[in-house]
Amino acid sequence: MSTPGGGELSATLRRIERSAGALATSSVARMDETLPWFRALPADQRSWVMLVAQAGARSLVQWLREGGGTADSTQEVSDEVFAAAPQALARSITLQQTVALIKVTIDVVEEQVSHLAAEGEEQQLREAVLRFSREIAFSAARVYARAAESRGAWDARLQALLVDALLRGDSPDVLASRAAALGWADAPPVAVAVGRSPGGEVSAVLHVVYRQARRIGVEVIGGVHGDRLVIVLGGAPDPLTATAKLLSAFGDGPVVVGPAVPSLDEATESARAALSGFRAAPAWPSAPRPVPAAELLPERALAGDAEARRRLRHDVYATLVRAGGELLATLDAFLAAGGTLESAARALFVHPNTVRYRLRRIAEVTGFSPLSPRDAFALQVALTVGRLDPVAPQTSPVPTQTMTPATRKSAQNEDDPRRSL
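Below you will find a few notes about this structure. Quantities reported herein were computed from a predicted structural model and do not represent experimental measurements.

**Notes on the overall build of the protein**
Piece 1. On a plain count of helices and strands, the protein comes out with 20 helices and five strands.
Piece 2. By sequence separation, contacts in the protein at least 24 residues apart represent 68% of the contacts at least 6 residues apart.
Piece 3. On the protein, roughly 20700 Å² of surface is accessible, and the fraction owed to carbon and sulfur atoms is 54%.

In structure tokens, the structure reads:
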């Protein structure tokens, strides 16, 4: 059989067949001498490389017998070289390292051309080896591409299962095992962001997420659930700022970020808050993007989120009740007056500066300022939720219309206006 160059290589082929084992042994010995990382490989992986080297020598003979082969036959022969080793080898050795192994093997074969080739066939064999090395390199790229696709599909399924477990509130053990399979480092803090998916192939959507996450140096696990894109962020000092840098991965509409938690074990809380906020976000059309779930407490409460109702009742309403100092009555009067300070002061029979002081106290103890329209709305919902809940503490402020002159004077003197300026 002639090579593409046209010469007969029958004698050369016989010599290569007889020397196949020696070539493989020499190649592995050269790898051991020149590649430090190869020496550090476990014994089983080194034996796999030996099998690949032996298969490569046999494949070279077959390739030469077929005259260099057609495109289809070349792929079939060269792919068989890597079929000699298990797929685990592709996960243990990088593509760059594989190319280094191929180069060492080809160098050894080229050095032996004068001994392998029959007289007058040296140049033909040398050219054939160079062409064959190119085909082997292409074959290695195909092997790694298939391995990457398979690994990517498996990782995508694992991530989807992990995100689903977060949304369902599965046990920390389930979350930890699935996260470990994905190589999640669990760098604190951890937070969950929810927005609309841009649509298209899930792998393409997540590829954008991972690429942008690498740029900003944060860990991410993503999943597409229906029309929602759910992202778990780890190691971002400010999850809200990090999410803002990932916005292009989301589709149109609100993007809600749950509270930061110390680890993935506790991320169910963040996921629930973010998901609840995403469902309630349409009620606040002018919400920032992204928006913390905590800023959507009133909308979440109105949408039926029990945790949001509990927080408004406990952190806002009950706090006002415990603070005393007529704060609850002042807030009622201020809201009833449409946010007009002077009207609230007249209704309470106190100086406007007293109302100002009490409003500042309300902002201090609740974190919501009645002077801000958005915060005033949250406070109004908190009052409603607190009073509807039968277990919430109640107060019975003295109605302003029944105040006696003495009571009115006491209320006016409660906070000295001059000291509150």
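**Focus: the pairing of strand β3 (residues 228-234)**
Piece 1. With six of its seven residues buried, β3 lies for the most part within the structure.
Piece 2. Two elements, strand β1 (residues 190-196) and β3, share seven bridges in a ladder whose sense is antiparallel. Directly across from Arg196, in β3, lies its bridge partner Arg228.
Piece 3. Sheet analysis places strand β2 (residues 219-225) next to β3, joined by seven bridges and oriented antiparallel.

**Looking at the packing of helix α16 (residues 341-348) against helix α17 (residues 352-366)**
Piece 1. At a minimum axis distance of 8 Å, the contact between α16 and α17 shows a crossing angle of 105°. Relative to α17, the element α16 lies roughly perpendicular. Between α16 and α17, the residues in contact are Leu341, Glu342, Ala344, Ala345 and Leu348 and Pro352, Val355, Arg356, Arg358 and Leu359, respectively.
Piece 2. Here the residues of the contact of α16 with α17 are counted per class, giving seven nonpolar, no polar and three charged.

**Observations concerning the packing of aromatic side chains**
Piece 1. All chains considered together, the criterion is met by one aromatic pair.
Piece 2. Relative to Phe38, the ring of Trp37 lies with its centre 6.3 Å away and its plane at 85°, an arrangement referred to as edge-to-face.
Piece 3. Relative accessible area serves as the criterion here: at 24%, Trp37 is assigned to the partly exposed category.
Piece 4. Phe38 sits in the buried class, given a relative accessible area of 0%.
Piece 5. A cation over a ring is seen here: Arg374 above Trp284, with NZ or CZ 3.5 Å from the ring centre.

**Things to note about the nonpolar core**
Piece 1. Leu312, Leu320, Leu331, Val355, Ile362 and Leu383 are the most contacted members of the largest nonpolar core, which totals 30 residues.
Piece 2. Taken together, the elements giving at least two residues each to this core come down to α13 (297-302), α14 (306-323), α15 (327-336), α16, α17 and α18 (373-388).
Piece 3. Element by element, the count of residues in this core is highest for α18, at seven residues.
Piece 4. Setting aside its immediate chain neighbours within four residues, Ile362 contacts Leu320, Leu327, Leu331, Gly367, Phe368, Pro370 and Leu379.
Piece 5. By size, the runner-up hydrophobic cluster in this structure holds 28 residues, among which are Ala165, Ala267, Phe278 and Ala293.

**Looking at the environment of Ser372**
Piece 1. Mapped onto the elements of the fold, Ser372 is located in the loop between α17 and α18.
Piece 2. Among the residues examined, Ser372 registers a relative accessible area of 25% and is labelled partly exposed.
Piece 3. A sequence separation of 33 residues divides Ser372 from Gly339, and the C-alpha atoms of the two residues are 9.3 Å apart.

**Description of the sheet that holds strand β4 (residues 255-257)**
Piece 1. The strand order across the open sheet formed by five strands is β2-β3-β1-β4-β5, and the pairing between neighbours is mixed. Bordering the open sheet on either side are β2 and β5 (291-292), each of which pairs with just one other strand.
Piece 2. Bridge count for β4 against β5 is two bridges, and the pairing is parallel. Considered in β5, the bridge of Val256 is made with Val291.
Piece 3. Against the sheet, helix α10 (residues 202-216) touches β2 and β3, its axis set at about 160° to β2.
Piece 4. Strands β1, β3 and β4 of the sheet are contacted by helix α12 (residues 267-280), whose axis makes an angle of about 25° with β1.

Criteria and cut-off values
Residues numbered from 1 in each chain as written. Predicted model: local features only at pLDDT ≥ 70, side-chain atom pairs only at ≥ 80, totals over all residues. Heavy atoms only, no water. Helix = DSSP H or I, 4+ residues; strand = E, 2+ residues; numbered from the N terminus. Contact = heavy atoms within 4.5 Å. Areas by Shrake-Rupley, 256 points an atom, 1.4 Å probe, with all protein chains shown as cover. Buried < 20%, exposed > 50% of the residue type's maximum accessible area, 1.4 Å probe, protein only. Pairing = 2+ DSSP bridges. Axes fitted to C-alpha atoms, helices over the stretch in contact; angles between N-to-C directions. Parallel < 35°, antiparallel > 145°, perpendicular 65-115°, else oblique. Nonpolar A, V, L, I, M, F, W, Y, C, P; charged D, E, K, R; others polar. Phe/Tyr/Trp six-rings, centres within 6.5 Å; stacked < 30°, edge-to-face > 60°. Lys NZ or Arg CZ within 6 Å of the ring centre and 35° of its normal. Core = buried A, V, L, I, M, F, W, Y, C linked by side-chain atoms within 4.5 Å.

In short, the description is geometric, and any link to function would need to be established separately.
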